[in-house]
Amino acid sequence: MERMNVLVYADSGTTNDSVKQCKLTLRQLLEPYYSVLTVDAETLIKEPWPATSSLLVIPGGADLPYCKKLNGPGNAVIASFVRRGGAYLGFCAGGYYGSSRVEFEVDNPALAVEGPRELQFFPGIARGCAYPGFVYRSELGARACKVSVDTESLPDFLSSDESRGNDNTMFTSYYNGGGIFVDADLSGRESVKVLARYSDPVNVAGGDAAVIWCQHGNGAVILTGIHPEFSPTIMVKTGKDLPSFYPDLVETLKRDSSKRVRFLKAMLKKLGMRVNEQYSEEGIPRITAVHVCGSRPEMVKQLMETFFDDSSKSSSLFEGEADKFMFVKYTSDALEIKQLTVDIISNEADSPEYDPLTCTKPHILYTSDSFRYPTNDETPLFDHATYFKEYNSSNVRRQGIGSIIAYSQVVTSTSTMMEKNLSLMRLLPFGYTNVSSTQIAGRGRGGNHWVSPIGIMSFSTLIRHPINLQSIAPIVFIQYLASMALVEAVRHYGVGCESLDVRLKWPNDIYARNPSYSPEGKLAGNDAPEYLKIGGVLVNSNYFDNQYYLVVGCGMSVNNEAPTTCLNSLVDIQNKIRRKKGLPLLESFRIECLLAKVLKSFDEMYTVFKDQGFKVFESMYYSLWLHENSVVTLDMYGGSKARIKGITLDYGMLIVEELDRNGNETGKRYTLQPDGNSFDMLKGLLKKKD
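Treat the numbers as computed from the prediction; the structure is a model and nothing was measured.

Glancing now at the nonpolar core. Counting 86 residues, the largest nonpolar core has Tyr88, Tyr198 and Ile212 as its most contacted members. Grouped together as the second largest cluster of nonpolar side chains are 73 residues, Ala485, Leu567, Phe617 and Leu634 included.

Take a look at the structure:
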């Protein structure tokens, strides 16, 4: 199984700033190769996260609450995860927590913390504060701290054209309450290396180690006393409680931020992580304008009549519960459109408090009641004419799924734009679909977020499902229809595409056969998985007006092979084989064409489903899924084994037959449902009934 998750601990003791900085910085440095998620103590203790995770990050805050939550079972799981090849990164409080003993302000009764710690990755003492003035949840003790990098231990810090002079091995980092790692470079400690040292004299005895690396079994650990993850571009804030020196501190950090980023990249590589070399200090991209277009002009005209109370007006503001939406009619001047977008969005984004993941966002929606599609200058990554040519190829006349699309190059999330703005969603027609090239807060199971990069086909469509259909067509099966539409569109994209081994994983993921897998390699110890995840479906529902409002969010990797593989990589591999055999080559996938095929297929399936239910699709579903006679382990029932037989036609739960020790079916049948964990939906299955 691919270890694609990076987990950031967010529970009692962590500060909001530390968690936020960890998430944003690590997402920019590690995505799309990894998904950066937040977890709490209960998740670390109870869920099967180690098998799917590469790195656990414990951010800054106060480590005594960490002890209270994680001592015993939690720390045992963490230590085992690292010992078996995982990585641990502890910033400040997380650095103290990963040591064998903490000695924090022992001479100050108001702050003193002293005692052993269970993880013991560093076989010594973490002692602080390195510099005086610390106050919990305050900037009073903050400083721009100079550190010197040991490039023998961390050679990736230096650029290839740089010498190893002092100027090139020093950088400035945010500091607030961190410690030193006492005698970290003591002879005999081969499993410990100092990566960086405090440059200015420290306030406690025991050396000057600011950042250390430790070996623990087959895994690796980095502990820090500084906060290199704090980006000054998102440290800008205002408030009467901020010390007067804070603005100057941020400006100092900005001047040296490129070296800070280099140090972070080198640290992550030291932990065995794959780093996004395209990281930009500008941070998460800003949202862009939305372009609303229809397969027939009257569709958009009718939609706009809902929002424009005066047809003579060129724009109309609609305020949703979470966001603002400015509907603007197209002008003939592309530059005028571009400038309006810059003016409205930039004014909001330039605010010091702006956080693209949480703030109220202004969405500019350009509309047209004619066949005026956006130009290449307006939407360089999506060709509307190509999409609608494919969509209209079957002469669809009615309004259905995908007949109106709202495309934006960058959005927070195609799903949350609808589901978090219920008053807007209630006015949108059936099949209205948001499409984006980049999502900066894509939605996953368990409320997880990630950055969805260019090359991913990302969309969310609105299904209005009347309550009176529930007995014939239960809404639980709509996720299955969407999953089948994704796979069917791939297999029928063009001549020969049926040879692409793309399948469904229950309940809502899309997998493709791994080109690196072979049974012979498996026997030889190659742990490459047989199938890799390339897509998935997530459905969120609301109920009002006697109908379900279902936002069906889908994503599939078309041109971006990180973190696993993508459709066009599979095409390249197949074409090498076909070329040798003299067969016609497969056509590369275009997102616009594939999207049109997916949405048409989904629309056709839903039209049948609402009248006849899921029974008519049962055989198709089984022909596309991965699980024919697969054996699963029921972790919550003593690790007993069971063979997958199918799904129920009432609630879509998994049907399994219990196996005895010899692998024979006992005749005992269970129906199972997921336990809600967000790491492996075939682990932790719950027994529903006999």
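Picking up where we left off.
Glancing now at the side chain of Gln547. Tracing the backbone through its elements, the reader meets Gln547 in strand E25 (residues 547-557). Classification of Gln547 by relative accessible area gives buried; the value is 14%. Engagement of the side chain of Gln547 in a polar contact is seen with the side chain of Tyr549, the distance being 3.3 Å. Every residue in contact with Gln547, bar those within four places of it in the chain, is listed here: Arg464, His465, Pro466, Ile467 and Asn542.

Attention shifts here to helix H16 (residues 591-612). The first and last C-alpha atoms of H16 sit 31 Å apart over 22 residues, in line with the 32 Å expected at 1.5 Å per residue. Just downstream of H16, Gly613 is the residue with a positive phi angle, here 80 degrees.

Let us look at unusual backbone geometry. Each neighbour pair has its own omega, and for Gly128 with Cys129 the value is 5 degrees, a cis peptide bond. Looking at where Cys129 falls in the secondary structure, it is placed in the loop between strand E7 (122-128) and strand E8 (143-149). A cis amide bond links Trp506 with the next residue in sequence, Pro507, at an omega value of 0 degrees. On the secondary structure map, Pro507 appears in the loop between strand E22 (502-505) and strand E23 (509-513). For Asp183, which is not a glycine, the phi torsion comes out positive at approximately 50 degrees. Examined against the element boundaries, Asp183 turns out to sit in the loop between strand E10 (180-181) and strand E11 (192-198). Of the residues examined, Asp183 reaches a relative accessible area of 36% and is grouped as partly exposed. Its identity as a non-glycine residue notwithstanding, Asp545 has a phi of 55 degrees, on the positive side. Inspection of the secondary structure puts Asp545 in the loop between strand E24 (531-544) and E25. Classification of Asp545 by relative accessible area gives partly exposed; the value is 42%.

Rules behind the numbers
- Residues numbered from 1 in each chain as written.
- Predicted model: local features only at pLDDT ≥ 70, side-chain atom pairs only at ≥ 80, totals over all residues.
- Heavy atoms only, no water.
- Core = buried A, V, L, I, M, F, W, Y, C linked by side-chain atoms within 4.5 Å.
- Buried < 20%, exposed > 50% of the residue type's maximum accessible area, 1.4 Å probe, protein only.
- Helix = DSSP H or I, 4+ residues; strand = E, 2+ residues; numbered from the N terminus.
- Polar contact = N/O pair within 3.5 Å; in protein donor to acceptor, adjacent residues only side chain to side chain.
- Contact = heavy atoms within 4.5 Å.
- Expected span 1.5 Å × (residues − 1).

Just distances and angles here, no functional claims.
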